Amino acid sequence: MKMLNAASFILVLLYAHVSKEWPTHTVCKEHNLEIYYKSCDPVQDFALSIDGCSRITVRAFTIRAALVLRHSIKKLFLNVDLIINGKSILNYSSTLCEPGRPRFTFCGRMKGEHIYYEGPVSLGIHELPQVSSLFSFLKCKSPVGLWEEGRGAK
Amino acid sequence: MACCIYCLILMGLFCVSCKTSEHVDMVCTEITANKNYCCEDLGLTEIPKALPAITEILDFSFNFLPSLHNSTFNMLKSLVYLDLTRCQINWVYENVFQSNAKLNTIVLTGNLLLFLAETAFAGPYSLKHLVLTQTGLTSIMFIPLHNLDNLETLLIGSNHISSLELPPNFPTRELRYLDLQMNNIESISTRDTKILKQTQNLTLSLKGNAIVHIEPGAFNSSSFYSLDFGGCIDISVILAGIQNIQTVILWLGTFQDVEGTLPISPVMLQDLCSISVENVNLQMRHFRPLSTATFLCLTKLRNLDLTHAGLTAIPPNISGMKMLKELNLNENSFQHICNISSAVFPSLTHLSVRMNLEELNLGSGCLEALTQLQYLDLSNSQIENSDCCNEQLKGLSNLQYLNLSYNKQHWLKNGAFNECAKLEVLDLAFTHLHISASQGSFHNLHLLQILNLSHTFINTGIQHLLTGLQNLVLLNLDSNSFDSGIILNDNLFQEVPSLKELILSSCELISVQSRAFHSLRDLKHVDLSHNKLTALSTEAFSNLKNMYLNFANNRIHFIPRDMLTSLSGKSIINLSYNPLECSCSNIGLLTWYKQNLDKIEAPEGTVCCEHKSLAGMKLSAVTLSCGMGTAGAVFLALAVIIVIVASLILTVRFLKRQYHQI
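Residues numbered from 1 in each chain as written. Chains lettered and ligands numbered in written order. Predicted model: local features only at pLDDT ≥ 70, side-chain atom pairs only at ≥ 80, totals over all residues. Heavy atoms only, no water.

Some words on the overall build of chain A
So, point 1. When its secondary structure is counted, chain A shows one helix and 10 strands.
So, point 2. Taken from the N to the C terminus, the helices and strands of chain A come in the order α-β-β-β-β-β-β-β-β-β-β.
So, point 3. Split into buried and exposed, the 154 residues of chain A put 26% on the buried side.
So, point 4. A separation of at least 24 residues holds for 46% of the contacts in chain A among residues at least 6 apart in sequence.
So, point 5. Surface accessibility of chain A: about 10,600 Å² in total, with carbon and sulfur atoms responsible for 58%. (Helix = DSSP H or I, 4+ residues; strand = E, 2+ residues; numbered from the N terminus. Buried < 20%, exposed > 50% of the residue type's maximum accessible area, 1.4 Å probe, protein only. Contact = heavy atoms within 4.5 Å. Areas by Shrake-Rupley, 256 points an atom, 1.4 Å probe, with all protein chains shown as cover.)

Below, the structure written as structure tokens:
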């Protein structure tokens, strides 16, 4: 019996299939602000943190972010859709890199390069909306690049 | 009992190990059989033995090969391109590529190289491209030069190289692209550039290096194709150091994420007078001030890029800019197009004033001096044009390409483009167009080949909308609606008989009448995707040979076979994301589909509709038995024969009995 259990255990170990869903990271956990993120990229996670969660303003706050490029950056678009309580409060899209128009130094960086950014970011909105008793969870909308914020009760 | 369990365990482990090794060998994706394979990010620690020996292109990135030996790649004797990005390679020993004579490209990006043996790159007959981006290099001397004589491209950006100095035996004969961007080069001396003088037509990138000093004369008599000093803080330091050079392109712009760059005063550009250059890029540089003196040493340029330079006006009394052919003024803040002082640049053939940060007023006759202009881009510049466009385009008789897309509104009058009879491409997309029914806005554009009217809210019921466009080849009407969602037989397309490509996606179409496109005899590419069509109306087209038809994302359930059989030659059809019935009532489609898989685009998305038993199954996998079939017919025939034979036998017996009685 013990041998059978051992064999089963070995077989389970060998056959165990680890699902590739990236963890939810906690960026801020303050008394009035919680921010989480999860990567929807099918091949990798990425790293993001905010310096001084209690000092965040909409004008500028400092982040540090890092990832390894899985493609060379020939064209890069940024689409941000921030929805709270079913209301879209921030909708922003911008072309960051395209041939003939490299807006940033990371335009043209190659597949496999490690990109690290530490510096200010501005949201471009006038004020953060006041929300209460909201617990937000994240789920991926499509395989690459899109987040959809779901809602849950707190 | 224990024996049985032992056997079970052994069998289990045997099965697992067999399956594991088979799994490793088969996991690489075949891009082209026997030629191109992708083994990216599979956790591999060696080249899979199942890879064909004649593989030419191999992407082995994001695996695990801490050290490379002379046996690592010896099976792949036909290898031409090898990508080893991020394989955690630390050690490259001798003769790694000794068996790869045909190899011409090696990519080692993102590996922290601790050692490159002297003969690391020996073996290939003619290694042309070597990528050592972000490999932790602190000096160019780290790279062994044995067998690199034919090198054309060397990418060593994103490292920690602090000196541009090249070793005496550095390969220069074939070198065309040397990328040293994002390193730590602060100073360049004459000794550093000595070897570079032996190169020809070199593209050298020093972008992102914080260069603070270039020894005077360091680049004397050097000749380049392109020099990139992007992101440098003070361009006067660069220009002082590169006096007397020859280059076709000089990139001196900066980036949004570079801080502390000094604004350009006229005196800072003086050294440009001693540089032979055709094309200068000064994107995101600001001028303090911008005056006629700023342009004193820009007079020999053919191409000038002043994107995002904070410009509101160009001084009108600048002289000497007669040689300039291409001018880029994108993302500035001109309020009126006359403020660009076009008369200063009389020889311009290409002008771009797109993504203007203020609402751009096109005025009247502001571009009249640009009689040579062929290409004009005014897209995304917040233009609202109440009387378009003869006054605004006055004098542009040689214009071939005009982009007025992504603006606010244009009111197109009769003969709106009379000034530009030579137009070949006209883009008005994503701008609300107001066109009166009685006017022919495009009537003199006899040479127009491409017209983009996507998202323009035009009235497609205007019969003579496209009058005059007898040579139009491509018409984009995406997201414009038709009356009642129907394309009638009598429609606006009769005015464009030469049309080859027609885009009618997202037009809320419900149906297409049976002769709607019969006048378009040359039509070869039609996009009717994202509509509400319930029928595949192929009879609307006069000729279905070598035709591309996109009917994706419609509401088609049934397709009679005779709608498809006329698709001949190299025709392609896309039926994906339609609620196709997979039942015997649609057997004509299902049979044709399986027999013509080479004509199908997007087979992965062409599936049975959701509400039936085969929901979600790919059409190519559906198997139905409808009617009797061959086996049934044979059985029936046999049954009939048996009945006939039995009847004959019984009849003969009956007759015999009767005869005997007699």
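Focus on the sheet that holds strand 26 (residues 432-435) of chain B
Residue and element names in this part refer to chain B.
So, point 1. Here we have three strands laid out as an open sheet, ordered 22-24-26, and parallel in their pairing. Pairing within the sheet leaves two strands with one partner each, and these edge strands are strand 22 (384-388) and strand 26. Sheet twist, expressed as the average angle between the axes of neighbouring strands with direction ignored, equals 10°.
So, point 2. Direction of pairing for strand 24 (residues 409-412) relative to strand 26: parallel, over a ladder of four bridges. (Pairing = 2+ DSSP bridges. Axes fitted to C-alpha atoms, helices over the stretch in contact; angles between N-to-C directions.)

Considerations on the pattern of salt bridges
So, point 1. By the definition in use, this model includes 19 salt bridges over all chains.
So, point 2. Of the charged contacts in the structure, one is a salt bridge between A:R109 and A:E113, with a shortest N-O distance of 2.7 Å.
So, point 3. Residue B:K532 pairs with B:E508 through a salt bridge whose shortest N-O separation is 3.4 Å. With B:K532 in the loop between strand 32 (525-527) and strand 33 (548-550) and B:E508 in the loop between strand 30 (501-503) and strand 31 (511-512), this pair connects stretches of sequence that are 24 residues apart.
So, point 4. The exposure class of B:K532 is partly exposed, given its relative accessible area of 30%.
So, point 5. One network of salt bridges, in which partners are shared, links A:R70, A:K111, B:E40, B:D41, B:D59 and B:D83. (Salt bridge = Lys/Arg side-chain N within 4 Å of Asp/Glu carboxyl O.)

Brief notes about the nonpolar core
All names here are of chain B.
So, point 1. Membership of the largest hydrophobic core comes to 178 residues, with the highest contact counts inside it found for F121, F229, L351, F417, F493, L504 and F517.
So, point 2. Listed by contribution, the elements that provide at least two residues to this core are strand 13 (202-205), strand 15 (224-228), helix 3 (235-241), strand 17 (276-281), strand 26 and helix 4 (587-595).
So, point 3. Considering every element that reaches this core, the biggest residue donor is helix 4, with four residues.
So, point 4. Residues in contact with F517, not counting those within four places in the same chain, are I487, F493, L502, L504, V512, L523, A540, F541 and S542. (Core = buried A, V, L, I, M, F, W, Y, C linked by side-chain atoms within 4.5 Å.)

Observations concerning a nonpolar patch on the surface
So, point 1. A grouping of B:W91, B:L112, B:L114 and B:F115 is seen on the molecular surface, where their side chains present a nonpolar patch of about 370 Å² in accessible area.
So, point 2. Along the polypeptide, B:F115 turns up in strand 8 (residues 115-116). (Patch = residues over 30% accessible without salt bridge, like charges linked within 9 Å, V, L, I, M, F, W, Y side chains within 5 Å.)

Examining the state of the cysteines
Residue and element names in this part refer to chain B.
So, point 1. Inspection of the entire model under this criterion finds eight disulfides over all chains.
So, point 2. With its sulfur 2.0 Å from that of its partner, C582 forms a disulfide with C608. Judged by the sign of its S-S torsion, about -90°, the cystine formed by C582 and C608 is left-handed. Of this pair, C582 sits in the loop between strand 34 (572-574) and helix 4 while C608 sits in the loop between strand 35 (600-601) and helix 5 (629-661), placing them 26 residues apart in sequence. Like C608, C582 is buried.
So, point 3. There is a disulfide in this structure between C584 and C626, and the S-S distance comes to 1.9 Å. When the S-S torsion is -85°, as for the bridge of C584 with C626, the disulfide is left-handed. Taken together, the residues C584 in the loop between strand 34 and helix 4 and C626 in the loop between strand 35 and helix 5 connect sequence positions 42 residues apart.
So, point 4. Cysteines bonded in chain B are numbered consecutively along the chain; their disulfide partners then correspond to 1-2, 3-4, 5-6, 7-8, 9-11, 10-12.
So, point 5. Considering cysteine sulfurs only, C39 is the nearest to C38, which forms no disulfide, with 6.7 Å between them.
So, point 6. Between C420, a cysteine without a disulfide, and C389, which holds the nearest cysteine sulfur, the sulfur-to-sulfur distance is 8.1 Å. (Disulfide = S-S within 2.5 Å.)

Focus on the confidence of the model for chain B
Where the model shows low pLDDT, its predicted coordinates should not be examined in detail.
So, point 1. Summarising the model, chain B shows a mean pLDDT of 91, and 94% of its residues fall at 70 or more.
So, point 2. Reported for the predicted complex are a pTM of 0.83 and an ipTM of 0.79. (pLDDT = per-residue confidence, 0-100.)

Observations concerning the sheet that holds strand 4 (residues 61-68) of chain A
Strand pairing in a sheet takes place through backbone hydrogen bonds and is either antiparallel or parallel in direction.
Residues and elements named next belong to chain A.
So, point 1. Ordered by their spatial adjacency, three strands build an open sheet running 3-4-8, and the pairing between neighbours is antiparallel. If you trace the sheet from one side to the other, it starts and ends with strand 3 (47-51) and strand 8 (114-121), each paired once. Within the sheet, the average angular offset between the axes of one strand and its neighbour, ignoring direction, is 10°.

A look at the environment of B:S576
All names here are of chain B.
So, point 1. Within the secondary structure layout, S576 lies in the loop between strand 34 and helix 4.
So, point 2. As for S576 and K618, which are separated by 42 residues in sequence, their C-alpha atoms are 9.9 Å apart.
So, point 3. Looking at S576, its side chain comes within polar contact range of the side chain of N574, at 2.7 Å. (Polar contact = N/O pair within 3.5 Å; in protein donor to acceptor, adjacent residues only side chain to side chain.)

Re the side chain of B:N111
Residue and element names in this part refer to chain B.
So, point 1. Position of N111 relative to the elements: it lies in the loop between strand 7 (105-107) and strand 8.
So, point 2. You can call N111 buried: its relative accessible area is 0%.
So, point 3. In terms of polar contacts, N111 uses its side chain to reach the backbone amide nitrogen of I89, at 2.9 Å.
So, point 4. When residues no more than four places from it in sequence are discounted, the contact partners of N111 are L84, T85, R86, C87, Q88, I89, Q134 and T135.

Quick notes on the packing of aromatic side chains
So, point 1. On inspection of all chains with the given rule, the structure shows 15 aromatic pairs over all chains.
So, point 2. With centroids separated by 5.5 Å and ring planes inclined at 15°, the aromatic side chains of B:W251 and B:F255 adopt a geometry described as stacked.
So, point 3. Given a relative accessible area of 4%, B:F255 falls into the buried group.
So, point 4. The aromatic ring of B:F62 is capped on one face by A:R70, whose charged end is 3.6 Å from the ring centroid. (Phe/Tyr/Trp six-rings, centres within 6.5 Å; stacked < 30°, edge-to-face > 60°. Lys NZ or Arg CZ within 6 Å of the ring centre and 35° of its normal.)

Points about the environment of B:Y577
So, point 1. Considering the arrangement of structural elements, one finds B:Y577 in the loop between strand 34 and helix 4.
So, point 2. Measuring from C-alpha to C-alpha, the distance between B:Y577 and B:F430 comes to 26 Å, with 147 residues separating the pair along the chain.

A few points about the side chain of B:N328
Residues and elements named next belong to chain B.
So, point 1. Mapped onto the elements of the fold, N328 is located in strand 19 (residues 326-328).
So, point 2. Given a relative accessible area of 18%, N328 falls into the buried group.
So, point 3. Within the structure, N328 has its side chain in polar contact with the side chain of T307 (distance 3.2 Å).
So, point 4. Contact partners of N328, with chain neighbours within four places excluded, come to L304, D305, L306, T307 and S352.

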